[in-house]
Amino acid sequence: MKKDLFVAFVILFVVILIFSGVEIQSVDEYYLTHLDDIREDSETVFLTVRCDEALEHIGQMNVELLASGLLPSNGVILARTEYVLREGDSVYEILDRAMRHNRIPTEYVYSSDGGVYVKGMGHLYEYDCGPLSGWSFSVNGEPAQSSCNRLELSDGDEIVWSYTCSLGLFSAQEGGGGQ
Amino acid sequence: MRRVLRSCISILLVLLLFLQTGVIFARAESERPSSKELQSVATAILERKKAEHGATPTDLFFNASFLQTAGSTAGDWYPFAIGRLALETSTEEYLAVLYDNIEKAYHKDGVLDATKATEYHRMILAILAMGGDPTHVGIDRSIDLLRDGVWNCVDKSGTPSLGKQGVNGYIWGLLAIDSMQYEAPDGAMYTRDMILSEVLSAELPRGGWALSGSVADVDVTAMAIQALAPYRDVRADVKDAIDRALNRLSELQDADGGFSAWGRSNAGSVSQVLIALCTLGIDPFTDARFVKNGSTAYDAMMRFQLQDGGFSDSVGGSYNSRASEQTLCAVTALWRMQNGMRCLYDLRPDDLGETPKVAFSAFDAKSMAETRALPTELTLEHRPTVLRLLYQLSATPDVSGREEAERILLSAKAQIDAIILELERLESEIAAVLYPFDALNLRDYGEVKALYQRYEALSVSNRAFLSDSAAEDLLRAKAQLQTELRATLIGAGCGLVVLCLLLYIVFHIRHRRRAQQLPESDE
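Just so it is clear, the model here is predicted, and its values are computed rather than measured.

A. The overall build of chain B, seen in detail. Looking only at helices and strands, one finds 20 helices and 4 strands in chain B. The globule rule puts the C-alpha radius of gyration for 523 residues at 24 Å, and the 33 Å found for chain B is more than 25% above it. Projected onto its principal axes, the C-alpha positions of chain B cover 135 × 80 × 60 Å. Long-range contacts, defined here as pairs at least 24 residues apart, represent 69% of the contacts in chain B between residues at least 6 apart. Approximately 24400 Å² of chain B is accessible, and the part contributed by carbon and sulfur atoms is 56%. Charge centroids of chain B, computed over 53 positive and 69 negative side chains, lie 4 Å from each other.

What follows is the structure, given as structure tokens:
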């Protein structure tokens, strides 16, 4: 009788083990589903998306947008978040991934020279706050010198996208604006 | 003697090498380029652009990759220049795809572009240069880009929005309406005079124009001159503004003949000035205001030319498509001036010696054969052909076998439109269902599996039109849920086994007890 009980407990133990910890996956599946997990040795970057300047220029803002109440009152479209840097990732890939995963509507324009230009994010579009307004980005505080898809990143980079109301004709996001 | 021969041969070899690597002309500075030379510079830019889209010299200029840019700044200036250079290159498929893209944008949003009026203006100019009619766009010819992009240009809330981008919108609006001297329809929100005065009132105190601030910007000033030029003989205030702008530009010209924006000499700015000078009929090679230290704006522009025929944006920089398209327009403007043709943005057809470009050639026996040869299972690769044939057919009133061709082509278009719609839906449904990944659970499995099956149902070539991130994330979500499902099934199976074993043990114990009790009762 004791023997039976012992066997039963052993079986139960094994079953609980299988239940709790073991995922049965192929290598490909494992790779796919764990691609963006942050581990100790993974390279990561930080992304922030803010629209404070638009809120400061509310007087210039597109009336319809203002009335819609779609803009966050604290200026935060995406709070500072850490993302895994995959090989070959540029600012564009990180932004695209973050915006998709957070379901923030984003519209890109593919410009003449193969660059990607961000036209609108989180309902806020270029020209919504006057003729010099639009999205621009910086990496480690350095304003963008080229299109976001041309700027490769390295471990620990700090990307900040912000809405500006005073950008120049071809500045901010190289390849955007103009005709 | 042998030595001389040898050096002759080596010089010849060097020359050949140069020719092969694409140095097109070795010309002395400030020498006026011939019409032929200008055409060669333009052709070299076009060849370079062709290479950018992976086409070999013998391929069609507008290959599948190029046609995907129809309706964007990356594409439209090339067919525009091809038309204005009167080149033989066929623009039919580009125009057909552009028309269709415009129709689809209208169908989806009711407008072409909610924020940028200049999108309309660029397409108006490109369509005209290809021989098309921007006031009757689409298969049913119902879209009028002049009406929606200039005369009654409003944003989503109905507010007049031609000036939303600043003075840029008015400048290009003026270029668009003057391209064919279009007249404002009754009840137009903007009239020609209104747009003209908007441009004039934006003039800076010291002359010239800028998007912001009080310092004249070369690009915007040059574009404003291009737009104001047609009015200089009828309005004194316009002539004065142009003169002030010219003086300003002359002051802003660099010592090497070039022009700078944001403190950097670049190909785009100098190109815009050359177009402005050509529009006014000012000779950039002789007008003293625009020759600095013996160097003309053209000399400066040519310093951005690369070995392969393309242009860089800064001195010593690499190939830049935007710089190339602007120099292409400048070279075209110079070529037209050299040949006594109407200026770059004046697209009226009664030009000396220029046969107007025909938008779509007649639907002939060859077109019929092409129509009949279309496979029953179409992919997006057939889209340009189908659209071209359809527009050719609608441009040809008398065709024998019209009904058959129309039936084939309309059903082909319907099939392709269905693929485009499915791709768009798949893209937006993937975005709506999958994220965040952490929140996905087995309840979503059916939906994700259905999306995956729809993805699988696409042909391989159509699948390529779905964005990489959507496809990757779909596979990822499917793998994640399959793992979860598998774990659940295994868990359930194990639970069942455990239950059976427990039952077995319980029975076994009872059985043994009974077996122990039985002999006792026997006693």
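B. Representation of the environment of Leu390 of chain B within the structure. Residue and element names in this part refer to chain B. Relative to the assigned elements, Leu390 resides in helix H16 (residues 383-394). Given the relative accessible area of 5%, Leu390 is considered buried. Residues Leu390 and Ala412, spaced 22 residues apart in sequence, show a C-alpha to C-alpha distance of 9.8 Å. With residues near it in sequence (within four places) discarded, Leu390 still touches Ile139, Leu409, Leu410 and Lys413.

C. Spotlight on the sheet that holds strand S4 (residues 116-121) of chain A. All names here are of chain A. As summarised here, the arrangement of the 3 strands in space is S3-S4-S5, forming an open sheet in which the pairing is antiparallel. Each end of this open sheet is capped by a strand with a single partner; those strands are strand S3 (106-110) and strand S5 (124-125). Of the strand pairs in this sheet, S3 and S4 are connected by 5 bridges, and their pairing is antiparallel. Bridged to Tyr108 within S4 is Val118. Here helix H5 (residues 91-101) sits on the sheet and contacts S3 and S4; the angle it forms with S3, its principal contact strand, is near 150°.

D. Focus on the side chain of Ser72 of chain B. As for its position among the elements, Ser72 of chain B is in the loop between helix H3 (64-67) and helix H4 (73-84). A polar contact is formed between the side chain of Ser72 of chain B and the backbone oxygen of Thr69 of chain B, at a distance of 2.7 Å.

E. Broad picture of unusual backbone geometry. Of note, the amide linkage connecting Tyr435 of chain B to Pro436 of chain B takes the cis form, showing an omega dihedral of -10°. The residue Pro436 of chain B is located in the loop between helix H17 (402-433) and helix H18 (445-457) in this model. Positioned with a positive phi, Arg103 of chain A is a non-glycine residue whose angle comes to about 50°.

F. Quick look at the domain arrangement of chain B. Residues and elements named next belong to chain B. By domain assignment, chain B separates into domain 1 (31-338) and domain 2 (365-504). In this structure, domain 1 and domain 2 have C-alpha centres spaced 39 Å apart. The partner domain 2 presents 13 residues to the 14 residues of domain 1 that form the contact. Roughly 1200 Å² of surface becomes buried between domain 1 and domain 2 when both sides are summed, with 60% attributable to carbon and sulfur atoms. Ranking the residues of domain 1 by area buried against domain 2 places Glu93, Lys104 and Ile139 at the top, with a combined share of 40%. There are 4 salt bridges connecting domain 1 and domain 2. Our count for the domain 1 to domain 2 interface comes out at 6 residue pairs in polar contact (both at pLDDT 80 or more). A total of 10 residues in the side of domain 1 that touches domain 2 trace back to one element, the largest contributor, which is helix H5 (residues 92-109).

G. How the structure looks around the confidence of the model for chain A. Residues and elements named next belong to chain A. On average, chain A scores 82 in pLDDT, and the residues at 70 or more come to 87%. The secondary structure element of chain A with the lowest average pLDDT is helix H1 (residues 2-21), at 70, and the one with the highest is strand S1 (residues 44-50), at 95. Below pLDDT 50 for its whole length, residues 174-179 participates in 30 contacts with residues either more than four positions away or in separate chains.

H. View of the nonpolar core. All names here are of chain B. Core analysis: the biggest nonpolar cluster contains 114 residues, and Phe80, Ile102, Leu145 and Ile171 have the highest contact counts within it. Those residues in contact with Leu145, other than ones at most four positions away along the chain, are Ile102, Tyr106, Leu112, Tyr120, Met123, Ile124, Ile127, Pro134, Thr135, Val137 and Val150. Ile416, Ile420, Leu466 and Ala477 belong to the second largest nonpolar core, which has 36 residues in total.

I. Layout of the domain arrangement of chain A. In terms of domains, chain A is made up of domain 1 (2-33) and domain 2 (44-164). Taking the mean C-alpha position of each, domain 1 of chain A and domain 2 of chain A sit 45 Å from one another.

J. Molecular detail of helix H8 (residues 167-178) of chain B. All names here are of chain B. With 12 residues, H8 ought to run about 16 Å at 1.5 Å a step, and its terminal C-alpha atoms sit 17 Å apart, in line with that. Where burial is concerned, most of H8 is hidden: 12 out of the 12 residues are buried. Three or more residues of H8 are buried, namely Val167, Asn168, Gly169, Tyr170, Ile171, Trp172, Gly173, Leu174, Leu175, Ala176, Ile177 and Asp178. The secondary structure elements touched by the buried residues of H8 are H4, helix H6 (117-129), helix H7 (145-151), helix H9 (192-201) and helix H10 (218-228).

K. How the structure looks around the packing of aromatic side chains. Residues and elements named next belong to chain B. Tallied over the full model, the rule gives 20 aromatic pairs over all chains. The interplanar angle of 50° and the centroid separation of 5.0 Å between the aromatic rings of Phe62 and Tyr94 together place this pair among those described as tilted. You can see Phe62 sitting in the loop between helix H2 (35-52) and H3 and its partner Tyr94 sitting in helix H5, a full 32 residues away along the chain. Linked through ring pairs, Phe61, Phe62, Phe66, Tyr78 and Tyr94 together constitute an aromatic cluster. One residue, Arg48, lies across the ring of Tyr319, its end atom 3.7 Å from the ring centre. Looking at Lys49, its charged tip hangs above the ring of Phe66, at a distance of 5.7 Å from the centre.

L. Quick look at the interface of chain A and chain B. Contact residues are listed per partner, giving 44 residues for chain A and 61 residues for chain B. Between chain A and chain B, a total of about 4400 Å² is buried, with carbon and sulfur atoms accounting for 56% of that surface. On inspection of chain A and its partner chain B, the count reaches 7 salt bridges. For Arg476 of chain B, the salt bridge is made with Asp36 of chain A, and the minimal N-O distance between the two is 2.8 Å. At the junction of chain A and chain B, the tally comes to 9 residue pairs in polar contact (both at pLDDT 80 or more). Taken together, the elements giving at least two residues each to the side of chain A that touches chain B come down to H1, helix H2 (27-33) and H5 of chain A. Its residues placed into classes, the side of chain A that touches chain B shows 17 nonpolar, 13 polar and 14 charged.

M. Looking closely at the confidence of the model for chain B. Per-residue confidence for chain B gives a mean pLDDT of 90; residues scoring 70 or more make up 93%. The low-confidence segment residues 15-26 of chain B, where pLDDT is below 50, has 11 contacts with residues more than four positions distant or belonging to other chains.

N. Examining the sheet that holds strand S7 (residues 142-143) of chain A more closely. All names here are of chain A. In space, the 5 strands of this open sheet follow the order S2-S1-S8-S6-S7, with mixed pairing throughout. Every interior strand has two partners, whereas the edge strands, strand S2 (76-84) and S7, have only one. Sheet topology places S1 next to S2; 6 bridges connect them, and they run antiparallel. Looking at S2, one finds that Val45 is bridged to Tyr83.

O. Seen up close, the packing of H8 of chain B against H10 of chain B. Residue and element names in this part refer to chain B. The geometry of H8 relative to H10 is characterised by a closest axis approach of 9 Å and an angle of 30° between their N-to-C directions. What the angle tells us is that H8 and H10 run roughly parallel. Considering only the axes of H8 and H10, their crossing is left-handed. Side by side, H8 and H10 meet where Val167, Asn168, Ile171, Trp172, Leu174, Leu175 and Asp178 of the first sit next to Val220, Met223, Ala224, Gln226, Ala227 and Leu228 of the second. Taken together, the residues of the contact of H8 with H10 sort by class into 10 nonpolar, 2 polar and 1 charged.

Each value, and the rule that gives it
- Residues numbered from 1 in each chain as written.
- Chains lettered and ligands numbered in written order.
- Predicted model: local features only at pLDDT ≥ 70, side-chain atom pairs only at ≥ 80, totals over all residues.
- Heavy atoms only, no water.
- Helix = DSSP H or I, 4+ residues; strand = E, 2+ residues; numbered from the N terminus.
- Rg over C-alpha atoms; globule rule 2.2 N^0.38 Å.
- Contact = heavy atoms within 4.5 Å.
- Areas by Shrake-Rupley, 256 points an atom, 1.4 Å probe, with all protein chains shown as cover.
- Lys, Arg positive; Asp, Glu negative; His and termini not counted.
- Charge placed at Lys NZ, Arg CZ, Asp CG, Glu CD.
- Buried < 20%, exposed > 50% of the residue type's maximum accessible area, 1.4 Å probe, protein only.
- Pairing = 2+ DSSP bridges.
- Axes fitted to C-alpha atoms, helices over the stretch in contact; angles between N-to-C directions.
- Polar contact = N/O pair within 3.5 Å; in protein donor to acceptor, adjacent residues only side chain to side chain.
- Domains from an automatic or database assignment.
- Buried area = accessible area lost by both parts, 1.4 Å probe.
- Salt bridge = Lys/Arg side-chain N within 4 Å of Asp/Glu carboxyl O.
- pLDDT = per-residue confidence, 0-100.
- Core = buried A, V, L, I, M, F, W, Y, C linked by side-chain atoms within 4.5 Å.
- Expected span 1.5 Å × (residues − 1).
- Phe/Tyr/Trp six-rings, centres within 6.5 Å; stacked < 30°, edge-to-face > 60°.
- Lys NZ or Arg CZ within 6 Å of the ring centre and 35° of its normal.
- Nonpolar A, V, L, I, M, F, W, Y, C, P; charged D, E, K, R; others polar.
- Parallel < 35°, antiparallel > 145°, perpendicular 65-115°, else oblique.
- Left-handed = near helix turned anticlockwise from the far one by under 90°.

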